[in-house]
Amino acid sequence: MTTTFDRHARIVIIGGGAIGCSLAYHLGRRGERDVLVLEKSEITNGCTWHAAGLVGQLRGRRNLTRLMQNSVAVFDRLEAESGRVIDWKKVGSLRLASSPERWSEIRRSMTLAKSFGFECHALSAAEAKNLFPYIDPEGVVGAAFIPSDGYVDPYALTHAFAASARASGVTIQEGVCVTEIVKDGRRVTGVMTDHGSVGCEILVNCAGLWAKRLGDMAGVSLAAGVVEHQYFLTEKKLDIPKTLPTLRDPDKNFYLKPDVASFAIGGWEDGTKGCWRSKPPFEFGRELFPENYDRLELFALPCAERLPVLNEVGIQTIINGPIPVSADGEPIMGLAPELDNFFVACGFTAGIAASGGAGEAMANWILDGDPGMDLWAFDVRRFGRPHSTGRYLEERAIESYGSYYKIHWPAEEAHAGRGLRRSPLHGHLDDNGAVFGARFGWERPLWFARSEAQRADELKSSFEGKPGWFDHVGAEHHHIRNAVALTDQTSFSKFEIEGAGTTSLLETLCANRITGEPGRCIYTTLLNTKGGIEAEVTLQHLGPDRFVMISGSAFGVRDASWVRRHIPRDGAVSLRDVTSATAVLNIMGPHARSVLQSISDDDFSNAAFPFLAVRDIEIGYVPVRAVRVGYVGELGYELHVPTEYAAALYETVRKAGEACDIRDTGYRAIETCRLEKGYVYWSAEIGPDYDPISAGLETTVDLTKDFIGRAALDKIKADGPKRRLCSFTVEGFAPFLGGETILYGGRVVGQTASCGYGHTIGKTIAFGWLPAEVAAEPTFEIQAYDKTYAATQVARTIYDPENLRLVS
């Protein structure tokens, strides 16, 4: 049914906080005039008005740091553009390490900063005290100083964004509350408000605390939580230099912003309270909660140890207000997968610091179709329905909040919200010693302990040494290489794509050739128009115009969304999520064929069942769709069965494999094996910013057919790639985690991507992107934790480069 609206705007933004007003500002800067911002109360009245306003840029990945750097660039120019004072103080930030472990974490961040030219300085405790004289340096191991950080007035900043947006022709209306979102199929057509209706072509949810409520109105699941956050202002008794930097001491769990003759001090304590199951009432406005002194002490007392001056000045004001925190603590941005024109920019815990860059990225996303850089860590499609249920989200948001200043150990796992999705084999694996991790709500085996006491080794983490599980994973790695192993991979995302025109659709979407006889498995990338890799999947060709797409556990929402947006609207092609309907058991290793042959009447010979074949077979009593494929570089078969058959299949295969010492293995052993084999991983070394030719995946691209991204690849091939994905080895063990600096001739030329120890070759392996002009050189250096390691460039496939073990 067609709805008639009172008025129309091309782009409607819901929410007049820092993010919504920044987006309006950037849209106006790009020439968009038909933009309407609807704010239910007054600008800044959500949580912007009580934000502290610290601006820190260095994040765990290059593009995320770039986003924050873009914010600083906006702050640098905004006063001149808007004619309004925003009180931007570019005084720098000081981050203290009060433990050796924290110093390792900070030094790792500084190595990352060096790899992409971000200015950051390592300081001694004495040098830190010279910059911030109020600290007691006792116990300070080291410090990092970032001169381009600082702080800003959130209220003034947001009003400057709004003023500039209005000056460019954008309309901002306050006191207008959205009460309904009107849809027609997969498109939003407009909104109903308490002041009439508005039609639109694009709707953007920048509703801050109320983002989840707005998402529910549109039928969009958002993992945008809300929790309480406290900070306090000291009495105005301090003579503070204008150049005093901001201060963070994560081991003491506090941050500090200089204020007028006082300090604003906050923390990220355990045990904060979730609010309204993340759906505050629209009536909640410019309000605060009562002070919670028990929680305040958790960071105020440690802060007083570091800042003795706090024993001389009292607390003037305590601010306890709601703030957004997503299920993983990072912002939520992008085009919602459920709809074709509903964008989101919410869940910003550090929304003031991110506002300038986030607004710019969102404007790019809306107008150009992508944010201008890979922002997967912030992408709305990293979440799905499992993350947005009320109680799960609240527990995860509370944990993410309390973890903000905790040491983030390599390969650490969340503890809240666990046990949500379990494979039919979960009980068997638990009995066999599985140490589980979580991915997209699924419990997945990371590795297996041979005794109950060994399970505690998962908690023995290290930045600069071997983790407690290192030898256990090494044993599983060798078992895969030399015997036979099982891994439960039920958490794979799985989608049936079928109907008249499916093959033609996939030929257009996929870089590899799809047309051919059924009964094959096809590895392919799906590209954007720039040739960047939006997804890497395997396709099981089951019949004419009938395929099953297999994707990573965490990538299913994204990959399915990419395919769905290209499906013609005539309804002939359907895409159906069958993830929960099908279990997957992976058997791999040199004895895999003999184990399966002993319990099946089907022919597993290489002639009858070659590499990349798909066959319907029987194993014991169980009907199975078997796929001969491998991510570890060994003979292997993925066994796909309806979930009710999974336990019987597992028990049958385990019993048959006893003579070959069959064992369960986990995902960490798969990771070490794939590094030796040179297989890439989407979101680590490949993604939307990287093309398959430069990544060494040219054999999976068919340039004789038409597909999305082909024109870009033709140009890259003709001109020659400007960068190359390269592989390196370092003798013995090196503490590489990804993001280390790659040096050639003493100068920075790149950074590492996936890294790990190759247990077969006895060396550390690192992937990394290099400029084409040095990509053929044999020797480099890789820097980690102030130490430089000699690195040799090697062929991509280190283990079994002839593929004899895989295809024979």
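Structure: above.
Remember, it's a predicted structure, so these values are computed and weren't measured experimentally.

Thresholds, definitions, all that
- Throughout, a residue's number is its position along its own chain's written sequence, starting from 1.
- Per-residue local features of the predicted model are confined to residues with pLDDT of at least 70, and side-chain atom pairs are confined, for both listing and counting, to 80 or more; whole-chain, interface and lining totals are unaffected and use all residues.
- With hydrogens and water excluded, all non-hydrogen atoms of the structure serve as input to the side-chain values.
- Helix and strand assignments come from DSSP, with helices taken as H or I runs of at least 4 residues and strands as E runs of at least 2, each series counted from the N terminus.
- Both definitions apply: the radius of gyration is a C-alpha atom measure, and the globule rule equals 2.2 Å times residues to the power 0.38.
- Should any heavy atoms of two residues lie within 4.5 Å, those residues are counted as being in contact.
- To be clear on the numbers: accessible area is Shrake-Rupley with a 1.4 Å probe, and residue cover counts the displayed protein chains and nothing else.
- Lys and Arg are tallied as positive, Asp and Glu as negative. Neither His nor the chain termini are counted.
- To locate a charge, take atom NZ for lysine, CZ for arginine, CG for aspartate or CD for glutamate.
- Whether a residue is buried, partly exposed or exposed follows from its accessible area with a 1.4 Å probe, protein chains only, as a fraction of its type maximum: under 20%, in between, or over 50%, in that order.
- Two strands pair under a simple rule: DSSP has to find at least two bridges between them.
- Geometry is summarised by axes, namely lines fitted to C-alpha atoms with helices restricted to the contacting stretch, and by angles between N-to-C directions that run from 0 to 180 degrees.
- Here is the rule for angles: anything less than 35 degrees is roughly parallel, anything more than 145 is roughly antiparallel, 65 through 115 is roughly perpendicular, and the remaining ranges are oblique.
- The hand of a helix crossing depends on one turn: near helix anticlockwise from the far one by less than a right angle means left-handed, and clockwise means right-handed.
- Under the scheme applied here, ten amino acids are nonpolar (Ala, Val, Leu, Ile, Met, Phe, Trp, Tyr, Cys and Pro), four are charged (Asp, Glu, Lys and Arg), and all others, including Gly, are polar.
- Whenever a nitrogen or oxygen atom comes within 3.5 Å of another N or O atom, the pair is scored as a polar contact, on the condition that within protein one atom can donate a hydrogen and the other can accept it, and that pairs from neighbouring residues in sequence are kept only if both atoms are in side chains.
- The salt bridge definition used is simple: a Lys or Arg side-chain nitrogen within 4 Å of an Asp or Glu carboxyl oxygen.
- Among buried residues, the Ala, Val, Leu, Ile, Met, Phe, Trp, Tyr and Cys ones that are joined through side-chain atoms within 4.5 Å form a nonpolar core.
- Side-chain rings of Phe, Tyr and Trp, where Trp is taken by its six-membered ring, are said to pair if the distance between their centres is within 6.5 Å; with planes under 30 degrees apart they count as stacked, over 60 as edge-to-face, and otherwise as tilted.
- Here, a charge over a ring is recorded when the distance from Lys NZ or Arg CZ to the ring centre is within 6 Å and its angle to the ring normal is within 35 degrees.
- Directions from the helix axis toward the C-beta atoms define the arc.

J.: I'm lost on the overall build of the protein in this one. Help?
T.: Secondary structure summary: the protein contains 19 helices and 37 strands in total. A compact globule built from 808 residues should have a C-alpha radius of gyration of about 28 Å, and the protein, at 27 Å, falls within 12% of that. For the protein, the C-alpha atoms occupy an extent of roughly 85 × 70 × 55 Å along the three principal directions. Residue pairs in contact within the protein that sit at least 24 positions apart in sequence constitute 73% of those at least 6 positions apart. Taken as a whole, the protein presents about 30400 Å² of accessible surface, with 49% of it coming from carbon and sulfur. Taken together, the 86 basic and 102 acidic charged side chains of the protein have centroids lying 2 Å from each other.

J.: What exactly am I supposed to notice about the pairing of strand β14 (residues 254-259) here?
T.: Regular strands place their side chains on alternate faces of the sheet. Summarising burial for β14: 5 of the 6 residues are buried, a large majority. Inspection of the sheet shows strand β13 (residues 246-249) paired to β14 by 3 bridges, in the antiparallel sense. Looking at the pairing, Asp249 lines up with Phe254 of β14. Between β13 and β14, which pair antiparallel one after the other, the connecting turn spans 4 residues, and Asn253 there sits at a positive phi close to 65°. In this structure, the hairpin formed by β14 and strand β15 (residues 262-266) is closed by a connection of 2 residues, where Ala261 is found at a positive phi of approximately 60°.

J.: Please explain the packing of helix α1 (residues 18-29) against helix α8 (residues 351-368) as it appears in this structure.
T.: Each pair of packed helices gets described by two things: the angle between the helix axes and the distance between those axes. Contact geometry of α1 with α8 gives a least axis separation of 8 Å together with a crossing angle of 45°. With respect to α8, the element α1 is oriented oblique. Helix-helix and strand crossings are classified by hand; for α1 and α8 the assignment is right-handed. The segment α1 lies against α8, with Ala18, Ile19, Ser22, Leu23, His26 and Leu27 engaging Gly351, Ile352, Ser355, Gly356, Ala358, Gly359, Glu360, Met362, Ala363, Ile366 and Leu367. Residue composition of the contact of α1 with α8, grouped by class: 10 nonpolar, 6 polar and 1 charged.

J.: What am I meant to see in the side chain of Asn528 here?
T.: Along the chain, the position of Asn528 falls in the loop between β23 (520-527) and β24 (533-543). You can call Asn528 buried: its relative accessible area is 12%. Side chain to side chain, Asn528 and Glu534 meet in a polar contact 3.0 Å long. With near-sequence residues (within four places) excluded, Asn528 lies in contact with Glu534, Trp562, Pro688, Ile708 and Gly709.

J.: What is the right way to look at the pattern of salt bridges in this model?
T.: Any two side chains of opposite charge can pair, so long as their charged atoms come close to each other. Tallied over the full model, the rule gives 52 salt bridges. Linking Lys89 and Asp87 is a salt bridge whose minimum nitrogen-to-oxygen distance equals 3.2 Å. A relative accessible area of 33% means that Lys89 is categorised as partly exposed. The closest approach of N and O atoms between Arg381 and Asp379, which form a salt bridge, is 2.8 Å. Note on accessibility: Arg381 and Asp379 belong to one class, buried. What you see here is one network of salt bridges that share partners, running through Arg186, Asp340, Arg565 and Arg569.

J.: What's the story with the sheet that holds strand β27 (residues 582-588) in this structure? I'm lost.
T.: The strands making up a sheet are joined through hydrogen bonds of the backbone, oriented either antiparallel or parallel. Spatially, 6 strands are ordered β28-β29-β30-β27-β21-β31 in an open sheet, and the strand pairing comes out mixed. Only two strands of the sheet have a single partner each, and these edge strands are β28 (614-619) and β31 (663-664). Note that β28 and strand β29 (residues 622-627) share 6 bridges and pair antiparallel. When the bridges of β29 are listed, Ile619 appears paired with Val622.

J.: Mind showing me how you'd approach the sheet that holds strand β5 (residues 121-123) here?
T.: Ordered in space as β5-β6-β4-β13-β14-β15-β12-β16, the 8 strands form an open sheet in which the pairing is mixed. For this open sheet the edge positions go to β5 and β16 (315-326), each flanked by a neighbour on one side alone. Between one strand axis and the next, the sheet turns through 20° on average, direction left out of account. As paired elements, strand β12 (residues 224-234) and β15 share 3 bridges and run antiparallel to each other. The residue of β15 that forms the bridge with Leu233 is Ala264. Against the sheet, helix α3 (residues 100-115) touches β4 (93-97), β5 and β6 (142-146), its axis set at about 140° to β4.

J.: Just to check I follow, could you spell out the nonpolar core for this structure?
T.: For soluble globular proteins, nonpolar side chains are generally found buried alongside one another. Of all hydrophobic cores here, the largest spans 50 residues; its most connected members are Ile13, Leu23, Val204 and Met333. Of the residues forming this core, the biggest block, 9 residues, is contributed by α8. In this view, Leu23 contacts Ile13, Val204, Cys206, Gly359, Met362, Ala363 and Ile366; residues no more than four positions away in its chain are not counted. Residues Cys200, Trp210, Ala218 and Ala223 belong to the second largest nonpolar core, which totals 40 residues.

J.: For this particular structure, what's the right way to read unusual backbone geometry?
T.: The phi angle of most residues is negative, glycine excepted, and most peptide bonds adopt the trans form. For Trp276, which is not a glycine, the phi torsion comes out positive at approximately 55°. Here Trp276 lies in the loop between β15 and α7 (293-306). Taking the relative accessible area as the measure of exposure, Trp276 reaches 31% and is therefore partly exposed. Positive phi values are uncommon outside glycine, yet Ala411 reaches one of about 60°.

J.: What exactly am I supposed to notice about the packing of aromatic side chains here?
T.: Describing an aromatic ring pair means giving the distance of the ring centres and the angle of the ring planes. Enumeration according to the criterion identifies 30 aromatic pairs in this entry. By the ring-pair criterion, three or more aromatic residues cluster together here, those being Tyr255, Trp268, Tyr401, Tyr404 and Tyr405. In this arrangement the basic side chain of Arg213 is found over the ring face of Phe282, its NZ or CZ atom lying 5.2 Å from the centre. Positioned above the aromatic ring of Tyr799 is the side chain of Arg481, whose terminal nitrogen or guanidinium carbon lies 3.7 Å from the ring centre.

J.: Would you take a moment to explain the side chain of Ser727 for this structure?
T.: Tracing the backbone shows Ser727 in strand β32 (residues 723-731). Only 3.4 Å separates the side chain of Ser727 from the side chain of Arg796, close enough to count as a polar contact. If we ignore the near neighbours within four places in the chain, the residues touching Ser727 are Ala766, Phe767, Thr792, Gln793, Val794, Ala795 and Arg796.

J.: Hey, could you run me through helix α6 (residues 211-218) in this one?
T.: Since there are 3.6 residues in each turn of an α-helix, residues three or four apart along the chain are aligned in direction. All buried positions along α6 are accounted for by Ala211, Lys212, Leu214, Gly215 and Ala218. Down the axis, α6 shows its buried residues gathered within 160° of arc, on one side only. Positive backbone phi, approximately 75°, marks Gly219, located one or two places after α6.

J.: Honestly, the environment of His387 in this entry has me stumped. Any pointers?
T.: Topologically, His387 is positioned in helix α9 (residues 385-388). With a relative accessible area of 6%, His387 lands in the buried category. Once the C-alpha coordinates of His387 and Ser326 are considered, the two residues, 61 residues apart in sequence, prove to be 9.3 Å apart. Contact partners of His387, with chain neighbours within four places excluded, come to Ala223, Ala327, Arg382, Tyr392, Leu393, Phe440 and Gly441. A distance of 3.0 Å separates a polar side-chain atom of His387 from the backbone nitrogen of Gly384.

The values reported here are purely geometric and, on their own, carry no functional implication.
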